[in-house]
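One-letter residues, chain by chain:
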Amino acid sequence: MSKWFETWFDSEYYHLLYKDRDYTEAEAFVEKLVTYLNPGKDALIYDLACGKGRHSIHLNKLGLNVEGSDYSTNSINYAKKSENSRLHFYEQDMRDAMPKQYNYILNLFTSFGYFDSDEENLNTLKHIYNGLKDDGTFVFDFMNVDFVLKHLVPREITMKNGIEFHIKRELNNGKIVKHIAFEDEDKWHYHKEKVTALGYDKIVEMMKKCGFKVMDTFGSYHLEPFDLQNSKRLILILRK
Ligand SMILES: C[S@@+](CC[C@H](N)C(=O)[O-])C[C@H]1O[C@@H](n2cnc3c(N)ncnc32)[C@H](O)[C@@H]1O
């Protein structure tokens, strides 16, 4: 049986629900990152689980050499419209080995923790480690679980193109589960998103287990210092 994320991320309703994803915030974050990382013009950057490519496209606009990949065929087809000689997109399951070695690998906007077991999560991180050149850098941008659980919005209704999405959030068995129900064309649909509630300690432990060195820890897209209680994001800068 296929796992929930193998169908949901490619469905037209997923793309409708998240159609207003913030490009301005993503682009400002990418600019901050580039100033901080200062990659050479020919550094090869890999945006793993890139979605429709909002970060990759902006990195490339800043003059960088970028590849992006995602599991979702629809997202990659959309991203491919922006391809050029220094920007390429393709389908890839992040549970598989990386196709080559990169100077930088980015995993942004909570694009991790969908898998059932610690082992799958750890294997994915090992592939990322092996997919970096010596001295390569991994940027891992995840939700700060401590903050998210404290501020979890249990119920929400949001309207997109005339469809009313009813969203329920809960912590269940170590996963933050988002139940999404909506009616379209006289039929009710139900989906769920599950992200493992990986806290700061657990994430750092997993990274170190794979061999990564933690170089910096930020708590927001403005690269402010990380604070366990108050930061919305957990952004780790890791070195091979
Ligand atoms: C929260 S979205 C973020 C997308 C993108 N990084 C962004 O910020 O717009 C998570 C992404 O992870 C992708 N994804 C989920 N499971 C995956 C897998 N096993 N391999 C590769 N991508 C996956 C989804 O298709 C989705 O595009």
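Before reading further, recall that the structure is shown in the block above.
Scope of this entry: the structure provided in the associated data block. All values reported here derive from a predicted model rather than from experimental measurement.

## Looking at the overall build of the chain
Next, step 1: Counting secondary structure elements, the chain contains eight helices and eleven strands.
Next, step 2: Judged by the C-alpha coordinates and their principal axes, the chain covers about 55 × 40 × 35 Å.
Next, step 3: Counting every position in the chain, which comprises 240 residues, the buried fraction comes to 32%.

## Considering helix α5 (residues 73–80)
Next, step 1: Within the span of α5, buried status applies to Ser75, Ile76 and Ala79. The arc enclosing the buried residues of α5, seen along the axis, measures out at 95 degrees, which places them on a common side. Residues of α5 that are exposed and point over 90 degrees away from its buried face: Thr73 and Asn77.

## Here's the deal with the site of the ligand
Next, step 1: The environment of the ligand is made up of 19 residues, and the closest members are Phe9, Ala49, Gly51, Tyr71 and Phe109.
Next, step 2: Taken together, the residues of the shell around the ligand sort by class into nine nonpolar, five polar and five charged.

## Let's talk about the nonpolar core
Next, step 1: Within the largest apolar cluster, 47 residues are counted, with the highest numbers of intra-cluster contacts made by Ile45, Ile105, Leu106 and Phe138.
Next, step 2: Counting residues per element, this core draws most heavily on strand β5 (residues 132–143), at six residues.
Next, step 3: Look past the residues within four positions of Ile45 in its chain and what remains in contact with it is Pro39, Leu59, Leu64, Asn65, Val66, Tyr102, Asn103, Tyr104 and Leu106.

## Looking at the packing of helix α6 (residues 118–130) against helix α8 (residues 200–210)
Next, step 1: The interhelical angle for the contact between α6 and α8, taken along N-to-C directions, is 50 degrees, at an axis separation of 9 Å. With respect to α8, the element α6 is oriented oblique. The handedness of the crossing between α6 and α8 comes out as right-handed. Facing Asn121, Leu122, Leu125, Lys126 and Tyr129 of α6, the residues of α8 in contact are Met206, Met207, Lys209 and Cys210.
Next, step 2: Looking at the contact of α6 with α8, its residues break down into six nonpolar, one polar and two charged.

## Here we look at the sheet that holds strand β8 (residues 175–184)
Next, step 1: Across the sheet, four strands lie side by side as β6-β7-β8-β9; this open sheet has antiparallel pairing. Each having just a single partner strand, β6 (155–160) and β9 (187–196) make up the two edges of the open sheet. Adjacent strand axes in the sheet meet at a mean angle of 20 degrees when their direction is disregarded.

## Some remarks on the sheet that holds strand β11 (residues 233–239)
Sheets are built from strands paired through backbone hydrogen bonds, the pairs being either parallel or antiparallel.
Next, step 1: The seven strands are arranged β3-β2-β1-β4-β5-β11-β10 in an open sheet whose pairing can be described as mixed. Lying at the two open borders of the sheet, with one neighbouring strand each, are β3 (87–91) and β10 (213–218). When the angles between neighbouring strand axes are averaged without regard to direction, this sheet yields 20 degrees.
Next, step 2: Those strands touched by helix α4 (residues 54–61) are β1 (44–48), β2 (65–70), β3 and β4 (102–107), and its axis lies near 170 degrees from that of β2.
Next, step 3: Set on the sheet, α8 makes contact with β5, β10 and β11; between it and β11 the angle comes to about 15 degrees.

Calculation notes
- Going along each chain's sequence as written, the residues are numbered from 1 onward.
- Per-residue local features are limited, in this predicted model, to residues with pLDDT of at least 70; the limit for side-chain atom pairs, both in listing and counting, is 80 or more; totals at the level of whole chains, interfaces and linings are taken over all residues.
- We count a stretch as a helix when DSSP gives it H or I for four or more residues in a row; a strand needs E for two or more, and each element gets its number in order from the N terminus.
- A residue is called partly exposed when the number of other C-beta atoms within 10 Å of its own lies between 12 and 20, exposed at 12 or fewer, and buried at 20 or more, with C-beta atoms placed from the backbone.
- Relevant arc is that of directions from the helix axis to the C-beta atoms, nothing else.
- Nearness here has a simple definition: the residue's C-beta atom, placed using the backbone, must lie within 6 Å of the molecule or strand.
- By the convention adopted, Pro, Cys, Tyr, Trp, Phe, Met, Ile, Leu, Val and Ala count as nonpolar, Lys, Arg, Asp and Glu as charged, and the other residues, Gly among them, as polar.
- By definition, a nonpolar core groups buried Ala, Val, Leu, Ile, Met, Phe, Trp, Tyr and Cys residues that connect through C-beta atoms lying within 7 Å of each other.
- Note on contacts: residues are paired as contacts if their backbone-placed C-beta atoms lie within 7 Å.
- Axes here refer to lines fitted to C-alpha atoms; in helices the fit is confined to the stretch in contact. Angles between the N-to-C directions go from 0 to 180 degrees.
- Just so you know how the angles are binned, under 35 degrees is roughly parallel, over 145 roughly antiparallel, 65 to 115 roughly perpendicular, and the rest oblique.
- The hand of a helix crossing depends on one turn: near helix anticlockwise from the far one by less than a right angle means left-handed, and clockwise means right-handed.
- Strand pairing is assigned whenever DSSP identifies at least 2 bridges connecting the two strands.

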